[in-house]
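# What the coordinates show
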Amino acid sequence: MNIEKATVGEVRPSQLLWTYGPGALIDLPNLSVVTLGSDTWEEGRCQPIDEPRLLEAVRRVLGGQVASLRMPPFVRQERIDPFTAEAFVGTPVKPFPRWLRCVECGLLAEYDGRLFSLEEDHYRPERTRFVHTDCTGSRKDKRAKKSEAVPARFLLACKAGHLDDFPWHYFVHNGPSDCKGSLRFYETGASLQTENLWVQCDTCGASRNMAQAFGRIGQQNLPKCRGRHPHLETFDHNCSETPRAVLLGATNSWFPITLSALHIPAATGSAMDVVDHFWDDFENITDKAVLTAILPILKRREAHPGLSKFSVDQLWSAIEDKRNGNGDDSVDMVDIKGPEWDVLIDPEPRKDWPDFLAKPTAVPPKYRRAIAGVSLLERLREVNALLGFTRVEAPEHSDNPEHAPVRASLTKGPPAWVPATEVHGEGIFIRFDEQVVSDWEKLSSVKARDATLVAGHRGWRNARKLDPDDAYPGARYVMLHTLSHLLIRELALECGYNSASIRERIYADTASGAPQAGILIYTAAADSDGTLGGLVDLGRPENLERLLDQALARASICSSDPLCSEHDPKEDRTLHAAACHACNFVSETSCENGNRYLDRAFLVPTLDLSDAAFFGGGK
């Protein structure tokens, strides 16, 4: 990351998609910066990622002008000269909030007001900081010296994705004022609760408690939203959302909106598979003779069955098709999970596909009535693309990219490309018997419980001024989603990965001609750490049966019962029933739906309901 050609810190490339993307604040040891829009990144330094299905889905949301998916810029060398051009390769950022506070005298002022200066450390970027150059102490009785200045930890944000500096002058003077005196921030108690934090004007003496900036009273003491996007340096006019005071580093200040897709073979064992795998080598080849010359080198460098399986003419034809955009017939489909489901339910091993290797295994004997098949995915590749972000409230989830939630943009205009990452991993795919699931859905007790969840769903969406009849996933999804969470919690105890590294994909679509009922639990990492084999081994029948037994047994009683099992979503307008942090919630990075649409009663009998369980208590 760099600021005005000063390196200020480092983050992982994947963090620029999930945590610190455009518009997000990065709270460094001595600085706080905002990541600028992706249109300010050096596109030439951003490596393209090939995933036609995901690219087409992104285009349906952001427009046909999106030409590619690209990795964030980064430098692979561990040690580089801080004074060379390579030292400044990275993602551009700028200081935000603009207001700083002197730790000695409490002076509040903007960093570009000539009261603060930037001290850069070329060899230790994390030590770069702002200082108050002429601080005389809180009583103004000390000899002037340099004192550290830290970011003011209060900001304004709204649901439309806007972020602004806290209106310090407006707040302390209780509205617009002609007084332009300097401000001081001080504490009056031992604890750092907001009622002990004060801001005061040196000129007129006006002061105010920071507790008055939050809650309902805060809405009366704060100005209207100015529609500011600091990452784009623009303002949206006429924002109708109510701004809220938020703390620097708060988790609700930035929520990414992403789309993801598994890289699956379009046609098993085709020449296009080989071209996709070696596209970095084939992309710039414009002559068949060059292709003929390079193939022996590739065969020595990397063993791939397709290199010997296909002739030069077949590979050249596939290269031309890919270059002309004719490489994958599935790119016209808006459904991302549909093609994945078709591949996952195919029991044939795919040994000639470098990014996908699935092997069927036996179903645990105890669960043969409900489970139709289990596959061990020894290799998989997932590509994630960043579409935008929201603030204050997490976005609603939708498998259909055309139903993407309202989002703040990553660029000033229509994006020419979007940030993306690719990760490799392993997984377990469980397919449920369609007839058994369908019969379960028809039970009157299931329908009654489903109506309760629908009522909570409608109340939740009404409170957010969304269509109450849209986006409810159905009882099938809730049941599969709940089981997925229970298995993630069990797998994390035994597979060697932490729970935040395990993810899920739920296949529960019933609108198409072939209804889906399955879950994919997988681990994905940017390097080989995601393919260590620990997860796949637990998918074998003897291990999976034990894990299912343990998961369902733990689900029957929660440490928060009876409150958890008796939770009624329609009363407090929530998106879950019998589920909580003690029994079913997982890390936000693991869940595809933000810990929404969960209910243990759909899996096992609970203290409140016993006749809607899919497994009947694990039997």
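### Brief notes about unusual backbone geometry
With the exception of glycine, most residues fall at negative phi, and the peptide bonds are largely trans. The omega angle of the peptide bond from Phe96 to Pro97 is 5 degrees, so this bond is cis rather than trans. Residue position: Pro97 is located in the loop between strand E7 (93–95) and strand E8 (99–102). Cis geometry marks the peptide bond from Asp561 to Pro562, where omega comes out at 5 degrees. Among the structural elements, Pro562 can be located in the loop between helix H15 (541–556) and helix H16 (569–572). Positive phi, normally seen in glycine, also occurs at Asn238, with a value near 65 degrees.

### Focus: the pattern of salt bridges
Applying the stated criterion across every chain, the model contains 36 salt bridges. As a salt-bridge pair, Asp165 and Arg228 come within 2.9 Å of each other at their nearest N and O atoms. In this pair, Asp165 sits in strand E14 (residues 163–165) while Arg228 sits in strand E18 (residues 228–229), placing the two residues 63 residues apart along the sequence. With relative accessibility at 11%, the residue Arg228 sits in the buried group. Among the ionic pairs, Asp313 bridges to Lys288, the shortest N-O distance being 2.9 Å.

### Quick word on helix H9 (residues 312–323)
Counted at 1.5 Å a residue, the expected span for H9 with its 12 residues is 16 Å, and the 16 Å between its end C-alpha atoms agrees. Those residues of H9 lying buried are Leu315, Trp316, Ala318, Ile319 and Lys322. Here the buried residues of H9 occupy an arc of 160 degrees about the axis, which is enough to place them on one side.

### Observations regarding the sheet that holds strand E20 (residues 244–247)
In space, the three strands of this open sheet follow the order E14-E13-E20, with antiparallel pairing throughout. Taken across any chain shown, the strands that pair with only one partner, and hence form the sheet edges, are E14 and E20. For this sheet, the mean angle separating the axes of adjacent strands, direction not counted, is 40 degrees. In terms of strand pairing, strand E13 (residues 154–157) meets E20 through four bridges, oriented antiparallel. Its bridge partner lying in E20, Leu155 is registered against Val246.

### A closer look at the pairing of strand E9 (residues 107–110)
The sheet contact formed by E8 and E9 spans three bridges and is antiparallel. If you follow Trp99 over to E9, its bridge partner there is Glu110. Between E8 and E9, which pair antiparallel and follow one another directly, the connecting turn spans four residues, one of which, Gly106, has a positive phi of 75 degrees. Bridge count for E9 against strand E15 (residues 183–187) is two bridges, and the pairing is antiparallel. Looking at E15, one finds that Leu107 is bridged to Arg184.

### Here we look at the sheet that holds strand E3 (residues 25–27)
Strand pairing in a sheet is mediated by backbone hydrogen bonds. Such pairs are either parallel or antiparallel. One open sheet holds the three strands; their spatial order is E3-E4-E7, and the pairing between them is antiparallel. Only two strands of the sheet have a single neighbouring strand rather than two, namely E3 and E7. When strand polarity is set aside, the average angle formed by the axes of neighbouring strands in this sheet is 35 degrees. Direction of pairing for strand E4 (residues 32–35) relative to E7: antiparallel, over a ladder of three bridges. Bridging across to E7, Thr35 finds its partner in Val93.

### Description of the nonpolar core
Ranked by size, the top nonpolar core spans 53 residues in total, and within it Phe432, Leu483, Leu487, Ile519, Phe602, Phe614 and Phe615 carry the most contacts. Of all the secondary-structure elements, those providing two or more residues to this core are strand E23 (371–390), strand E24 (417–432), helix H11 (434–441), helix H12 (444–463), helix H13 (475–494), strand E25 (502–507), strand E26 (518–525) and H15. Here the element with the most residues in this core is H13; it accounts for 10 residues. Apart from the residues within four sequence positions on either side, Phe615 is in contact with Tyr367, Ala370, Phe432, Leu483, Leu552 and Leu603.

### Notes on the packing of H13 against H15
As a packed pair, H13 and H15 sit with axes 9 Å apart at the nearest point and diverge in direction by 115 degrees. Crossing of H13 over H15 shows right-handed handedness. On H15, the residues that touch Leu483, Leu486, Leu487, Glu490, Leu491, Leu493 and Glu494 of H13 are Arg546, Leu547, Leu548, Gln550, Ala551, Leu552, Arg554 and Ala555. Tallied by class, residues from the contact of H13 with H15 come to 10 nonpolar, one polar and four charged.

### Notes on the packing of aromatic side chains
Using the criterion set out here, one finds 19 aromatic pairs in the structure. For the pair Tyr472 and Tyr597, a centre-to-centre distance of 6.0 Å together with 70 degrees between the ring planes defines the contact as edge-to-face. Of the two residues, Tyr472 sits in the loop between H12 and H13 while Tyr597 sits in the segment after H16, which places them 125 residues apart along the sequence. Residue Tyr472 is classed as partly exposed on the basis of its relative accessible area of 22%. Aromatic ring contacts, followed pair by pair, group Phe154, Phe166, Trp168, Phe171, Phe185 and Phe214 into a single cluster. Sitting over the face of the ring of Phe171, Arg208 holds its NZ or CZ atom 5.1 Å from the ring centroid. A cation sits over an aromatic face here: Lys337 above Tyr507, 5.7 Å from the ring centre.

Conventions used here
For every chain, the first residue of the written sequence is number 1, and numbering continues from 1 along that sequence. With the structure being a predicted model, the display of local features is reserved for residues of pLDDT at least 70 and the display and counting of side-chain atom pairs for 80 or more, all residues being used for whole-chain, interface and lining totals. Side-chain descriptors were evaluated using all non-hydrogen atoms of the structure, hydrogens and water having been removed beforehand. Secondary structure elements are taken from DSSP: a helix is a run of H or I of four residues or more, a strand is a run of E of two residues or more, and numbering for both begins at the N terminus. Whenever Lys or Arg places a side-chain nitrogen within 4 Å of a carboxyl oxygen from Asp or Glu, that contact is recorded as a salt bridge. Only protein chains enter the calculation, and the probe is 1.4 Å; a residue is then buried if its accessible area is under 20% of its type maximum, exposed if over 50%, and partly exposed in between. How far a helix is expected to stretch is found by multiplying one less than its residue total by 1.5 Å. The arc in question is the one spanned by the directions pointing from the helix axis to the C-beta atoms. One requirement defines pairing of two strands: DSSP has to find at least two bridges between them. Axes, fitted as lines to C-alpha atoms, cover a helix only where it is in contact. Angles between the N-to-C directions of the axes lie from 0 to 180 degrees. For this analysis, a nonpolar core means a set of buried residues of the types Ala, Val, Leu, Ile, Met, Phe, Trp, Tyr and Cys, connected via side-chain atoms within 4.5 Å. In what follows, residue pairs with any heavy atoms lying within 4.5 Å of each other are defined as contacts. Should the near helix be turned anticlockwise from the far one by less than a right angle, the crossing is termed left-handed; should it be turned clockwise, right-handed. Under the convention adopted here, Pro, Cys and the residues Ala, Val, Leu, Ile, Met, Phe, Trp and Tyr are nonpolar, Asp, Glu, Lys and Arg are charged, and Gly plus all remaining residues are polar. Planes of paired rings set the category: under 30 degrees apart is stacked, over 60 is edge-to-face and the rest tilted, where pairs are Phe, Tyr or Trp rings (Trp by its six-membered ring) whose centres lie within 6.5 Å. For a lysine, the NZ atom is tested; for an arginine, the CZ atom; a charge sits over a ring if that atom is within 6 Å of the ring centre and within 35 degrees of the ring normal.

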